[in-house]
Amino acid sequence: MTMMRAQGCFSQETLDFLRRVLERSGTSDRTHWPPCMIPCRDGATPAEITVDAAREEAKAVLFPLVKEALHRSGLSPTQVDILIVNCSLFVPTPSLCALVCNEFRMREDVRTYNLGGMGCSANVVAVDLAQELLQNSPGSRALVISTENLTQNLYTGNDKSMLLQNTLFRCGGCALVLSSRRRDCLRAKYKLLYTFRAQVSEDNSYGCVYQREDATGNKGVALSKDIVTVAGKAMKRNFIQLGPHVLPLREQAKVVLNRIVITLVSAWKQRRLPFAERLSAPAGYMPNFSKGIDHFCIHAGGRAVIEGVQKNLHLREDQVSPSVQTLFEWGNTSSSSIWYEADWVERHGGLKRGDRVLQIAFGSGFKCNSAVWLTLRVDDSKRGVPLRPAEE
């Protein structure tokens with residue numbers, strides 16, 4: 001709140017609204033803001049919202065990620081064949097891919113892909129793209145980096161629909177090394193089983209997360225009140241694809257039988273056959289995905305999103321703990337949040353070899369993307385250990 005007051009552009013009504021949202025957001029007071037916001041802690045210095053400051057944020061997040069990913073996988077930058085970076089709102093020239101290549105002196109023939117505007121579900125998009133490229137180039141390795149850049153996306157107006165980005169989103173990122181080399185399977189942590197993508201294209205879905213200017217010309221991202229409903233619709237379409245691949249036959253049979261009964265009852269009532277007025281179609285059956293999935297990583301987009309998915313999938317509190325705790329400890333780190341959750345599962349969720357991990361992410365447009373991973377190796381040294389020291 002001190003940093004928000006330092007901008008000198010918010011009305012008292014807006015500041016009161018921001019405080020209420022923060023109190024209900026489910027985030028703690030230890031989440032990360034970009035470097036440009038640090039001077040604002042004096043309550044008087046406004047943030048430097050420039051391209052240079054945004055690049056500094058990108059460097060602060062991306063460079064340590066790449067160093068650690070390469071170190072832990074035992075690779076040098078020249079052993080990376082494919083580089084994919086996704087950042088939805090900051091798409092500079094030269095690209096973030098070029099920024100990483102320049103810093104780490106990657107090969108001149110490295111294949112780079114920079115994804116922008118894909119929203120919080122972009123990590124699965126990037127992983128899906130990497131999978132296709134690796135399958136087409138056996139024996140290659142891909143480095144996938146997911147982040148979001150907040151520096152130039154601080155909303156400085158008073159439109160309530162655009163203020164949530166100032167309260168939920170935080171700095172963060174993840175870096176993954178994926179390989180189609182057979183020998184790498186001996187040290188791989190996960191095997192990618194499936195990726196599924198659903199794009200809902202109707203007008204209401206398209207406009208529920210929309211970057212625009214407000215009435216006074218301040219740029220921001222407006223979030224519709226219908227976002228939870230739209231997310232539920234997108235998730236349903238995604239899970240129609242997912243179900244046959246992860247659900248046991250018994251659950252699939254229940255879904256088919258439910259659809260048959262609904263169809264028969266509807267046809268009976270339409271034809272006004274005897275006793276039609278006494279019949280009522282059953283509700284649609286939501287299969288128990290816990291029968292085929294061991295751990296759920298739901299995008300930490302906010303309490304309402306997590307609770308909506310929990311309700312739709314009939315998940316227990318412990319099954320949404322990775323998402324709730326990630327939101328509390330780190331805030332909404334956009335597309336990388338599902339990997340903060342996977343790390344939480346490794347440390348506190350009882351992950352075992354052979355477990356299947358489902359990642360569910362939502363993005364503007366509107367999209368719901370999912371990925372299913374098979375656990376190949378578990379690092380026992382992580383169990384029970386927090387990701388960062390308690391005193392930080």
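Remember, predicted model here, so these are calculated numbers, not experimental data.

(A) A look at the pairing of strand 3 (residues 141–147). Of all 7 residues in strand 3, 7 are buried, a share of seventy percent or more. Side-chain alternation along strand 3 places Arg141, Leu143, Ile145 and Thr147 on one buried face and Ala142, Val144 and Ser146 on a second face that is also buried. Bridge count for strand 1 (residues 82–86) against strand 3 is 5 bridges, and the pairing is parallel. Residue pairing across strands places Asn86 opposite Ser146, the latter belonging to strand 3. Where strand 3 lies against strand 4 (residues 173–179), 7 bridges are found, and the strand directions are antiparallel.

(B) Here's a closer look at the packing of helix 3 (residues 51–73) against helix 4 (residues 96–104). Viewed as axis vectors pointing N to C, helix 3 and helix 4 meet at an angle of 55°, and their least axial separation amounts to 11 Å. Between helix 3 and helix 4, the angle falls in the class oblique. Regarding helix 3 and helix 4, the two cross each other, and that crossing is right-handed. Of helix 4, the residues touching helix 3 (which contributes Ala58, Lys59, Leu62, Phe63, Val66 and Lys67) are Leu96, Leu99, Val100, Glu103 and Phe104. Looking at side-chain class alone, the contact of helix 3 with helix 4 contains 8 nonpolar, no polar and 3 charged residues.

(C) Structural context of the sheet that holds strand 2 (residues 111–115). Ordered in space as 2-1-3-4, the 4 strands form an open sheet in which the pairing is mixed. In this open sheet, the two strands that pair with only one neighbour each are strand 2 and strand 4. Each neighbouring strand pair of the sheet contributes to a mean axis angle of 10°, computed without reference to strand direction.

(D) Looking closely at helix 4. All of the buried residues in helix 4 are Leu96, Cys97, Leu99, Val100, Cys101 and Phe104. Contact partners of the buried residues in helix 4: helix 3, strand 1, strand 2 and strand 3. Residue Arg105 follows helix 4 closely and has a positive phi angle near 50°.

(E) Up close: the UniProt feature "domain: Beta-ketoacyl-[acyl-carrier-protein] synthase III C-terminal" (unreviewed entry) in the protein. Here, UniProt's "domain: Beta-ketoacyl-[acyl-carrier-protein] synthase III C-terminal" (unreviewed entry) annotation points to residues 292–373. Split by type, residues 292–373 is 40% helix and 23% strand. Its first and last C-alpha atoms lie 12 Å apart.

(F) Summary view of unusual backbone geometry. In this structure, Pro94 follows Thr93 across a cis peptide bond, with omega equal to -5°. Put simply, Gly365 and Phe366 share a cis peptide bond, and its omega is 10°. As for its position among the elements, Phe366 is in the loop between strand 9 (356–363) and strand 10 (367–375). One non-glycine residue, His314, lies in the positive phi region at around 55°. Structurally, His314 is set in the loop between helix 10 (303–313) and helix 11 (321–330). Assessed through its relative accessible area of 58%, His314 is described here as exposed. Of note in the backbone geometry, Ser334 takes a positive phi value of approximately 65° without being a glycine. Mapped onto the fold, Ser334 is located in the loop between helix 11 and helix 12 (337–348). Overall, Ser334 belongs to the buried group, its relative accessible area being 2%.

Definitions and cut-offs
- All residue numbers refer to positions counted from 1 along the written sequence of the respective chain.
- Given that the model is predicted, a residue must reach a pLDDT of at least 70 before its local features are reported, and side-chain atom pairs must reach 80 or more before they are shown or counted; all residues, however, enter totals for whole chains, interfaces and linings.
- The side-chain figures draw on all heavy atoms in the structure; neither hydrogens nor water molecules are used.
- Under the scheme applied here, a residue whose accessible area is under 20% of the maximum for its type counts as buried, over 50% as exposed, and between as partly exposed, the area being computed with a 1.4 Å probe on protein chains only.
- In DSSP terms, a helix is any run of H or I states spanning at least four residues, a strand is any run of E spanning at least two, and both are numbered starting from the N terminus.
- Paired strands are those between which DSSP finds at least two bridges.
- For helices, the axis comes from a line fit to the C-alpha atoms of the stretch in contact; other axes are also lines fit to C-alpha atoms, and the angle between any two N-to-C directions lies between 0 and 180 degrees.
- Here is the rule for angles: anything less than 35 degrees is roughly parallel, anything more than 145 is roughly antiparallel, 65 through 115 is roughly perpendicular, and the remaining ranges are oblique.
- For any helix crossing, the convention is left-handed if the near helix is rotated counterclockwise from the far helix by under a right angle, and right-handed if that rotation is clockwise.
- The contact rule is simple, with two residues in contact once any of their heavy atoms fall within 4.5 Å.
- The nonpolar class holds Ala, Val, Leu, Ile, Met, Phe, Trp, Tyr, Cys and Pro. Asp, Glu, Lys and Arg form the charged class, and all remaining residues, Gly among them, are polar.
- UniProt positions are given in the numbering used here, feature names are shortened, and annotations may be inferred rather than shown by experiment.

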